[in-house]
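# Structural characterization, general
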Amino acid sequence: MTSNDTIAAISTPYGRGGIAVIRISGEDAITIADAVFLPASGRKLNEYNGGRAVYGKILVDGKEFDTGIATVFHAPHSYTGENTVEISCHGGLLLTEKVLASVLSAGAKQAGAGEFTKRAFLAGKLGLTEAEAVISLIEAEGEEQLKLASAEAKGVLGREIERIHDALTALIAATYVQIDYPDEDLSGLTNDAFLKDLDKILADLVKLRDSYRTGHAVAEGITTVILGKPNTGKSSLLNALAGFDRAIVSPIAGTTRDTVEQKIQVGKVRLTVHDTAGVHETDDIVEKMGVERSLKLAEKAELILFVLDGSKEPNSEDTALLSRLVNWHCPVICVCNKSDCAVMIPQDLIKPFENRVEISALTGQGLDTLQKMIERLFVEGVIDYDHTPILTGAHRHAMIARAIELLQTAMLAVQNGLTPDMAALDLEMAAGELGRLDGRGVSEEVVDSIFSRFCVGK
């Protein structure tokens, strides 16, 4: 996966600005930069110590084109671990492209998406979890997302995975000592000691796996579907949660015929909210398609906000939907809307729902109660991002879950009378799953897939 090419790219957002930065990385980075940058001192860039910012002239086709700053980093003391030069010029669109073209003409190759960070990973400057956190930092849209991504980038999650991996590796090593020297008792690994150590590793992995509920809610977002009959105030609820008029609202039943999607921050929790067409019996072909789409979305939902018109007595369609949702596969919050009017919903009807709230989407009454209820469903208490490892990413969750299954199989085998050496293969496969999380033994295809999410220049 390594490359000897010296690469270059624009590392600042494409557009007009005060400055733009062209990053060059590789063995020949300083030599190439010398061809396009002339320090005001008259010295060459390769004569400067690393970590120096130098003022000078930027050359295009050998002629002065701009003035700017070149910052020089000598390997291994750079982001990528390679010789690196970052040239800062004025941030005009054409000007920036001209400077990059000059750098490429001097011998650099155009960098691919995420190639600088990929090189940092390959050089051991950061683990795979930290590398993935970089893209999370860039894409963060909320305070909580940013805090979690920052903690990952600092290695909070990576260190915990490494700690558990090391403990498992030590247990595997003790097991193999027993296999290689069965008569000498060098490892001192009894069945009870094996089970005790394995139980501790399993407990740590289960705790990490369970943290994904919070990590997913904060970083990725909960797929949320607003469901109910026509004209119960579903679109009004979406607008109230979003804080602006995202969906069209009218007193005419069936105004919403297709789904409307909006990302919304509710406390620490991020929601991807789908406002849906009202669920009811209809002969209208278009409305029927909307109803079918609403129910399909509900099947995939991680949270359902079921909206009832609290100002009217429920009918058979309401009770049918309520009966259907009582034992739903995901949390359901029963939202009695229009609490500013006389509430007509019998409490016995909604009592089976543990999570229920009265609100007025029109006045905002009860909205804070709903928001706190949503947050409590997915996040428990205060999150200590700097000290508590929190799992994010469905692929990581799957690897942790697989490692747990393998270790549980190993534990069951020993509990049923087999010796620890008989469980060694399961232990090794579990260690392999953990190793893939921080880049040990990960395939080139996986690495390429991860870094392809990055922008060019990072």
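Residues numbered from 1 in each chain as written. Predicted model: local features only at pLDDT ≥ 70, side-chain atom pairs only at ≥ 80, totals over all residues. Heavy atoms only, no water.

Once that is clear, we can look at the overall build of the protein. From N to C terminus, the protein includes 16 helices and 13 strands. Residue pairs in contact within the protein that sit at least 24 positions apart in sequence constitute 67% of those at least 6 positions apart. A total accessible area of about 22100 Å² is found for the protein, and carbon and sulfur atoms account for 51% of it. (Helix = DSSP H or I, 4+ residues; strand = E, 2+ residues; numbered from the N terminus. Contact = heavy atoms within 4.5 Å. Areas by Shrake-Rupley, 256 points an atom, 1.4 Å probe, with all protein chains shown as cover.)

Our next topic: unusual backbone geometry. With the exception of glycine, most residues fall at negative phi, and the peptide bonds are largely trans. In the segment running from Ala 75 into Pro 76, the intervening peptide bond is cis, with an omega of 0°. Looking at the secondary structure, you find Pro 76 in the loop between β5 (63–73) and β6 (84–91). For Asn 231, which is not glycine, the phi torsion reads 65° and is therefore positive. Following the sequence through the fold, Asn 231 ends up in the loop between β8 (222–228) and α9 (234–242). The class of Asn 231 is partly exposed, set by a relative accessible area of 29%. (Buried < 20%, exposed > 50% of the residue type's maximum accessible area, 1.4 Å probe, protein only.)

Scanning the entire structure with this criterion turns up 0 aromatic pairs. A cation over a ring is seen here: Arg 23 above Phe 116, with NZ or CZ 5.2 Å from the ring centre. Of note, Arg 43 hangs over the ring of Tyr 48, and the distance from its end group to the ring centre comes to 4.2 Å. (Phe/Tyr/Trp six-rings, centres within 6.5 Å; stacked < 30°, edge-to-face > 60°. Lys NZ or Arg CZ within 6 Å of the ring centre and 35° of its normal.)

Residues Leu 237, Leu 303, Leu 305, Ile 333, Val 335 and Leu 370 are the most contacted members of the largest nonpolar core, which totals 34 residues. At 6 residues, the largest contribution of residues to this core is made by helix α13 (residues 367–378). The contacts of Leu 237, once residues within four sequence positions are left out, are Ile 226, Leu 305, Val 307, Val 335, Ile 359, Ala 361, Leu 367 and Leu 370. By size, the runner-up hydrophobic cluster in this structure holds 30 residues, among which are Ile 172, Phe 194, Leu 195 and Met 399. (Core = buried A, V, L, I, M, F, W, Y, C linked by side-chain atoms within 4.5 Å.)

This part is about the sheet that holds strand β13 (residues 355–358). The strand order β9-β10-β8-β11-β12-β13 describes an open sheet built from 6 strands, whose pairing is mixed. The open sheet has two edge strands, β9 (260–266) and β13, and neither has a second partner. Each adjacent strand pair in this sheet contributes to an overall mean axis angle of 25°, direction not counted. Two elements, β9 and strand β10 (residues 269–275), share 7 bridges in a ladder whose sense is antiparallel. Each bridged residue has a counterpart across the sheet, and for Gln 265 the counterpart in β10 is Arg 270. Contacts from helix α11 (residues 316–325) reach β8, β11 (303–309) and β12 (332–337) within the one sheet, and its direction differs from that of β11 by about 160°. On top of the sheet, α13 reaches β8, β9, β10, β11, β12 and β13; it is set at about 165° to β13, its chief contact. (Pairing = 2+ DSSP bridges. Axes fitted to C-alpha atoms, helices over the stretch in contact; angles between N-to-C directions.)

On to the confidence of the model for the protein. Residue-level pLDDT values for the protein average 86, and 88% of them are 70 or greater. Low confidence marks residues 252–257, where pLDDT is under 50. Its contacts with residues over four positions away, or in another chain, come to 17 contacts. (pLDDT = per-residue confidence, 0-100.)

Once that is clear, we can look at the packing of helix α14 (residues 394–415) against helix α15 (residues 424–437). It is at 8 Å that the axes of α14 and α15 come closest, and there the two elements cross at 165°. It follows that α14 is roughly antiparallel to α15 by the angle criterion. Between α14 and α15 lies a crossing whose hand is left-handed. On the side of α14, the interface is formed by Arg 396, Met 399, Ile 400, Arg 402, Ala 403, Leu 406, Leu 407, Thr 409 and Ala 410, while α15 contributes Asp 426, Leu 427, Met 429, Ala 430, Glu 433, Leu 434, Arg 436 and Leu 437. Among the residues forming the contact of α14 with α15, the class breakdown is 11 nonpolar, 1 polar and 5 charged. (Parallel < 35°, antiparallel > 145°, perpendicular 65-115°, else oblique. Left-handed = near helix turned anticlockwise from the far one by under 90°. Nonpolar A, V, L, I, M, F, W, Y, C, P; charged D, E, K, R; others polar.)

On the basis of which strands lie adjacent, the open sheet formed by 7 strands has the order β3-β4-β5-β6-β2-β1-β7 and mixed pairing. Two strands close off the open sheet at either side, each with one partner strand: β3 (37–39) and β7 (109–110). One ladder, built from 8 bridges, connects strand β2 (residues 17–25) with β6; its direction is antiparallel. Bridge pairing in β6 links Gly 17 to Gly 91.

Moving on, we come to the pattern of salt bridges. Counting across every chain of the model gives 19 salt bridges. Note that Glu 375 and Lys 268 form a salt bridge whose closest N and O atoms lie 3.6 Å from each other. Taken together, the residues Glu 375 in helix α13 and Lys 268 in the loop between β9 and β10 connect sequence positions 107 residues apart. The salt bridge involving Glu 405 is made with Arg 402; its shortest N-O contact spans 3.5 Å. In this pair, Glu 405 and Arg 402 are both assigned in helix α14, 3 residues apart and thus about one turn of the helix distant. One network of salt bridges, with partners in common, ties together Glu 160, Arg 163, Lys 200 and Asp 204. (Salt bridge = Lys/Arg side-chain N within 4 Å of Asp/Glu carboxyl O.)

Within the secondary structure, Ser 102 is located in helix α2 (residues 93–105). The contacts of Ser 102, once residues within four sequence positions are left out, are Val 36, Leu 59, Val 60 and Asp 61.

In this model, α2 (13 residues) spans 18 Å end to end at C-alpha, consistent with the 18 Å of a helix rising 1.5 Å per residue. Just beyond α2, the residue with positive phi is Gly 107, at close to 130°. (Expected span 1.5 Å × (residues − 1).)

Turning our attention to the packing of α9 against α13. Running from N to C, α9 and α13 cross one another at 80°; their axes reach a closest spacing of 11 Å. Between α9 and α13, the interaxial angle falls into the category roughly perpendicular. Packed against α9, whose contacting residues are Leu 237, Ala 240 and Leu 241, the element α13 presents Leu 367, Leu 370 and Gln 371 at the interface. Residues belonging to the contact of α9 with α13 are distributed by class as follows: 5 nonpolar, 1 polar and no charged.

In terms of burial, β11 is largely enclosed, as 7 of its 7 residues are buried. Neither face of β11 is exposed, since Leu 303, Leu 305, Val 307 and Asp 309 on one face and Ile 304, Phe 306 and Leu 308 on the opposite face are all buried. Relative to β11, β8 runs parallel, the two sharing 5 bridges. The residue of β11 that forms the bridge with Gly 228 is Val 307. As judged from the 6 bridges shared by β11 and β12, these two strands associate in the parallel manner. Across the sheet, Phe 306 pairs through a bridge with Cys 334, a residue of β12. Following the chain from β11 across α11 to the adjacent parallel β12, one finds a crossover that is right-handed. (Right-handed = clockwise from strand over helix to strand, strands pointing away.)

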